[in-house]
Amino acid sequence: MPAHKVNRRAFLASAAATAAAFSLPKIALAQSLPRAIPTADQLSWQDLEIGMFVHFAPNTWQDKEGDDLSTPLSAIHPDIDTDNWADCAVNLGARYIVFVAKHQGGFCMWQTQTTKYSIAHTPWKNGRGDVLADLSVSCRKRGLRLGVYLSPRDDYFGAGLGGMCKDPARQPAYNAMYREQLTEVLTRYGQMIEVWFDGSSVVPTSDLVRKYAPHAAIFQGPDATIRWVGNENGFAPYPLWDAESKADARSGVSTSMHGDPSGDAWIPVECDVSIRRPNWFWSTTNVRNLMTLDQLLEVYYRSVGRGAQLLLNIPANRRGHMPDEDFARAREFGDEIRRRFSKPIAETRGSGPRVELQLAQLAHVDHVILEEDCRYGQRVLSFRIEGLAANGWTALYTGSSIGHKRIVPVAPGEFHALRLNATESIGEAQIRRLAAFNTGVMPPATWDAPARVWAADSAGEWKDHRFEVDLTAKIKEATQYRVRFVPVNGKVAGVEGTELLLDGAPAPHLVRADPAAHDALILTMTAIGQKVILRGMIDGAEQGTILLQKM
């Protein structure tokens with residue numbers, strides 16, 4: 001395959017910028033130990049790294065992204081082959097499949113007693129077909145785990161986003177129906193690895209999740225154990241923090257933007273993207289959107305390579321098979337990832353401020369993979385990779401977060417050894433893996449580029465270190481608010497020169513620094529209806545997003 005073009009001078013310039021001093025700095029301890037520690041189930045889920053999403057619904061017959069309820073059930077007569085789906089996942093390198101058993105239209109892909117809008121009322125297998133049952137068998141045969149997407153929204157019933165009924169009088173009936181659907185899918189097909197409550201959910205289901213899916217990763221909702229990255233491009237931001245506040249976690253709709261190394265809840269990030277980006281469902285026209293191998297590699301470097309999970313959607317066609325083009329592209333992608341990263345030159349592990357990897361002989365290295373032992377939390381806040389060449393130690397890369405995995409392309413060179421310096425950490429750095437690779441190709445040109453992510457509580461942005469944001473529309477109660485500054489790149493070292501103006505008049509007594517974080521302010525609003533302007537300077541990161549959350 002063609003090598004990716006990248007500016008080698010940019011690599012060398014970056015290295016030179018960090019080469020001034022090689023004595024290890026004193027480790028700064030933000031606190032004695034991380035506050036957020038993952039469960040064994042979360043660690044196991046993160047080690048899966050890649051999953052395959054499958055979208056398949058009546059709108060597959062409509063050439064639409066959303067089911068308009070127009071397709072006669074008699075027209076849904078596919079020849080579904082879930083073994084074909086599982087083979088595609090294995091070729092892709094996925095270790096689990098998340099199947100959209102019910103999308104927002106409300107059509108159910110299993111034998112349910114709750115609705116007539118289901119696969120049981122189609123000609124497929126004379127109405128006795130059960131896609132979830134077939135898929136669970138296919139997954140077991142191929143060593144894959146199974147997850148399920150069960151949309152709280154149900155247009156057929158009349159339930160909107162989160163399962164909120166348009167007619168409040170129908171809410172109790174929908175709650176009962178949805179709870180029965182969830183019970184069916186969680187009790188008939190084995191233990192689920194992941195459960196999606198897309199858009200969060202107002203239906204009370206916590207008891208069912210605890211009872212029937214105690215080990216599953218839960219996407220969104222009040223029981224969330226994982227969170228959405230905040231876009232559908234497949235790109236995670238960098239740095240990426242697995243921790244966030246418990247308040248953000250309980251919201252059920254937090255994104256990667258809420259990541260905070262000092263947070264007290266471990267909620268890792270999942271990147272979802274479709275191979276026919278931006279379309280989630282197969283149509284007769286969107287094969288033109290099929291991502292190229294280079295685009296898929298870019299997604300991999302900017303998701304898994306930044307410590308996030310990758311859930312890559314491959315939609316089934318009307319026949320109920322993976323489209324031939326998508327199947328082939330998935331295998332091409334999986335083969336290339338295996339070629340690049342299945343066999344390291346050498347690897348090691350260790351703890352403390354410095355971990356060194358001796359190479360048996362002078363070796364050509366162009367990639368380094370780092371992994372923290374996240375059983376102890378995400379500890380590394382900044383690090384430097386160095387290589388021992390003929391002229392001594394050379395700086396190769398300076399970064400911040402490592403977490404579950406950080407894939408670092410470096411300027412290709414010949415090295416006797418590599419070392420990782422944890423220049424800032426929370427407690428002692430625990431490194432599960434430091435590995436050297438010679439892939440023979442350059443990385444995607446954008447492998448280290450910032451990613452745009454979204455959060456519901458975004459209140460504005462700052463640029464050139466300055467911010468001035470109108471919070472009037474966001475201040476709806478007389479209470480305390482936390483203002484957090486999330487950088488696009490780098491760190492926020494502090495907030496300076498802060499001014500809070502209420503109807504143009506300064507109110508310095510109502511704004512203060514958050515004593516628990518250098519990147520946040522606390523506002524105390526004693527009244528509403530005033531024009532609220534907040535402005536000041538950011539020390540450190542040049543630009544980023546401002547989040548506002550009621551405390």
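Residues numbered from 1 in each chain as written. Predicted model: local features only at pLDDT ≥ 70, side-chain atom pairs only at ≥ 80, totals over all residues. Heavy atoms only, no water.

**Describing the overall build of the protein**
No. 1: In terms of regular secondary structure, the protein is built from 9 helices and 25 strands.
No. 2: Split into buried and exposed, the 551 residues of the protein put 58% on the buried side.
No. 3: Contacts in the protein between residues at least 24 apart in sequence constitute 76% of all its contacts with a sequence separation of at least 6.
No. 4: Of the roughly 21,900 Å² of accessible surface on the protein, 51% is carried by carbon and sulfur atoms.
No. 5: Averaging the locations of the 60 positively and 62 negatively charged side chains of the protein gives two centres separated by 2 Å. (Helix = DSSP H or I, 4+ residues; strand = E, 2+ residues; numbered from the N terminus. Buried < 20%, exposed > 50% of the residue type's maximum accessible area, 1.4 Å probe, protein only. Contact = heavy atoms within 4.5 Å. Areas by Shrake-Rupley, 256 points an atom, 1.4 Å probe, with all protein chains shown as cover. Lys, Arg positive; Asp, Glu negative; His and termini not counted. Charge placed at Lys NZ, Arg CZ, Asp CG, Glu CD.)

**Some remarks on the nonpolar core**
No. 1: In terms of nonpolar packing, the biggest core is built from 105 residues, with M52, W85, F99 and V195 touching the most fellow members.
No. 2: Among the elements that take part in this core, strand β12 (residues 354-372) stands out by supplying 8 residues, more than any other.
No. 3: Each residue touching F99, except ones within four places of it in the same chain, is listed here: V54, F56, W85, M109, V131, L132, L135, G147, V148 and Y149.
No. 4: Listed in part, the 28 residues of the second largest apolar core include F53, W196, W228 and A236. (Core = buried A, V, L, I, M, F, W, Y, C linked by side-chain atoms within 4.5 Å.)

**Some words on the layout of surface pockets**
The rolling of a water-molecule-sized probe over the atoms marks out the regions of remaining empty space.
No. 1: Of the pockets and cavities examined, the largest pocket occupies roughly 640 Å³.
No. 2: Contributing elements (two or more residues each) for the lining of the largest pocket: β19 (480-487) and β25 (544-550).
No. 3: The element contributing the most residues to the lining of the largest pocket is β19, with 4 residues.
No. 4: Class assignment of the residues belonging to the lining of the largest pocket gives a composition of 18 nonpolar, 8 polar and 6 charged. (1 Å grid on protein atoms, 1.4 Å probe; cavity = no way out; pocket = protein on both sides within 12 Å on 5 of 7 lines; lining within 4 Å. Points joined across faces, edges and corners; volume = space filled by probe spheres on them. Nonpolar A, V, L, I, M, F, W, Y, C, P; charged D, E, K, R; others polar.)

**Remarks on the sheet that holds strand β21 (residues 505-506)**
No. 1: Spatially, 4 strands are ordered β18-β24-β20-β21 in an open sheet, and the strand pairing comes out antiparallel. In the strand order of this sheet, the two ends are held by β18 (466-470) and β21, each with one partner. (Pairing = 2+ DSSP bridges.)

**Some words on the environment of I522**
No. 1: Along the polypeptide, I522 turns up in strand β23 (residues 520-524).
No. 2: Considering only alpha carbons, one finds I522 and K474, 48 residues apart in sequence, at a separation of 14 Å.
No. 3: For I522, the contacting residues outside a window of four places in its chain are Q480, Y481, R482, L510, V511, R512, D514 and M551.

**Observations regarding the state of the cysteines**
No. 1: Enumeration according to the criterion identifies 0 disulfides in this entry.
No. 2: The closest cysteine sulfur to the non-disulfide-bonded C271 is located on C374, 16 Å from its own sulfur.
No. 3: For C271, a relative accessible area of 0% corresponds to the buried category. (Disulfide = S-S within 2.5 Å.)

**What about the sheet that holds strand β13 (residues 380-389)?**
No. 1: Ordered in space as β11-β16-β12-β15-β13-β14, the 6 strands form an open sheet in which the pairing is antiparallel. Both outer strands of the open sheet, β11 (346-351) and β14 (392-399), are each paired with one neighbouring strand and no more. With strand direction ignored, the average angle separating the axes of adjacent strands in the sheet is 30 degrees.
No. 2: With 7 bridges joining them, β13 and β14 adopt antiparallel strand pairing. Looking at β14, one finds that L388 is bridged to W393. (Axes fitted to C-alpha atoms, helices over the stretch in contact; angles between N-to-C directions.)

**Considering the packing of aromatic side chains**
No. 1: In total, this model carries 22 aromatic pairs according to the counting rule given.
No. 2: With a centroid separation of 5.5 Å and 45 degrees between ring planes, the pair formed by F56 and W61 is classed as tilted. Side by side, F56 and W61 carry an identical accessibility label, which is buried.
No. 3: Ring plane angle 70 degrees and centroid distance 6.1 Å describe the contact between Y300 and F333, whose orientation is recorded as edge-to-face. A residue pair is termed long-range when its members are at least 10 positions apart, and Y300 in helix α8 (residues 293-301) and F333 in helix α9 (residues 324-341) qualify at 33 residues.
No. 4: Above the plane of the ring of F157 lies R170, whose end atom (NZ or CZ) is 4.1 Å from the centre. (Phe/Tyr/Trp six-rings, centres within 6.5 Å; stacked < 30°, edge-to-face > 60°. Lys NZ or Arg CZ within 6 Å of the ring centre and 35° of its normal.)

**Description of unusual backbone geometry**
No. 1: Cis geometry is adopted by the peptide bond preceding P239, which originates at Y238 and carries an omega value of 5 degrees.
No. 2: Tracing the backbone shows P239 in the loop between β6 (227-228) and β7 (243-244).
No. 3: Here the residue pair R277 and P278 is connected by a cis peptide bond, since its omega of 5 degrees sits within 30 degrees of zero.
No. 4: A positive phi angle is found at E49, which is not glycine, with a value near 65 degrees.

**Here we look at the pairing of strand β9 (residues 269-274)**
No. 1: In terms of residue burial, β9 counts as a mostly covered element, since 6 of its 6 residues are buried.
No. 2: Side-chain alternation along β9 places V269, C271 and V273 on one buried face and E270, D272 and S274 on a second face that is also buried.
No. 3: Sheet topology note: the β6/β9 ladder contains 2 bridges and is parallel. Paired with R227 across the strands is V269, a residue of β9.
No. 4: Examined bridge by bridge, β9 and strand β10 (residues 309-313) share 5 bridges and lie parallel to one another. In the strand pairing of β10, C271 is matched with L310.
No. 5: Of the crossover connections in this fold, the one passing from β9 over α8 to the parallel β10 is right-handed. (Right-handed = clockwise from strand over helix to strand, strands pointing away.)

**With respect to helix α4 (residues 131-141)**
No. 1: If you check which residues of α4 are buried, you get V131, L132, L135, S136, S138 and C139. Summarising the axial view, the buried residues of α4 lie within an arc of 165 degrees, below the 170-degree limit, and thus occupy one face. Residues of α4 that are exposed and point more than 90 degrees away from the buried face comprise R140 and K141.
No. 2: Between the side-chain oxygen at the start of α4 and the backbone nitrogen of L132 there is a gap of 3.2 Å, and the oxygen is on D130.
No. 3: One or two steps after α4, the chain reaches G143, where phi turns positive at roughly 70 degrees. (Arc of directions from axis to C-beta. Polar contact = N/O pair within 3.5 Å; in protein donor to acceptor, adjacent residues only side chain to side chain.)

**Some details on the confidence of the model for the protein**
In low-pLDDT regions, the fine details of the predicted coordinates are not to be read closely.
No. 1: Across the protein, the average pLDDT comes to 93, with 94% of residues at or above 70.
No. 2: For residues 1-30, every residue scores under 50 in pLDDT, and the model assigns this stretch 60 contacts once sequence neighbours within four places are set aside. (pLDDT = per-residue confidence, 0-100.)

**Section: the packing of helix α3 (residues 82-92) against α4**
Two quantities define a packed helix pair, namely the angle between the helix axes and the distance between the axes.
No. 1: Running from amino to carboxyl end, α3 crosses α4 at an angle of 45 degrees, the nearest separation of the two axes being 8 Å. Classified by the angle their axes make, α3 and α4 are oblique. Of the two elements, α3 crosses α4, and the hand of that crossing is right-handed. Between α3 and α4, the residues in contact are T82, D83, W85 and A86 and V131, D134, L135, S138 and K141, respectively.
No. 2: Along the lines of polarity and charge, the residues of the contact of α3 with α4 split into 4 nonpolar, 2 polar and 3 charged. (Parallel < 35°, antiparallel > 145°, perpendicular 65-115°, else oblique. Left-handed = near helix turned anticlockwise from the far one by under 90°.)

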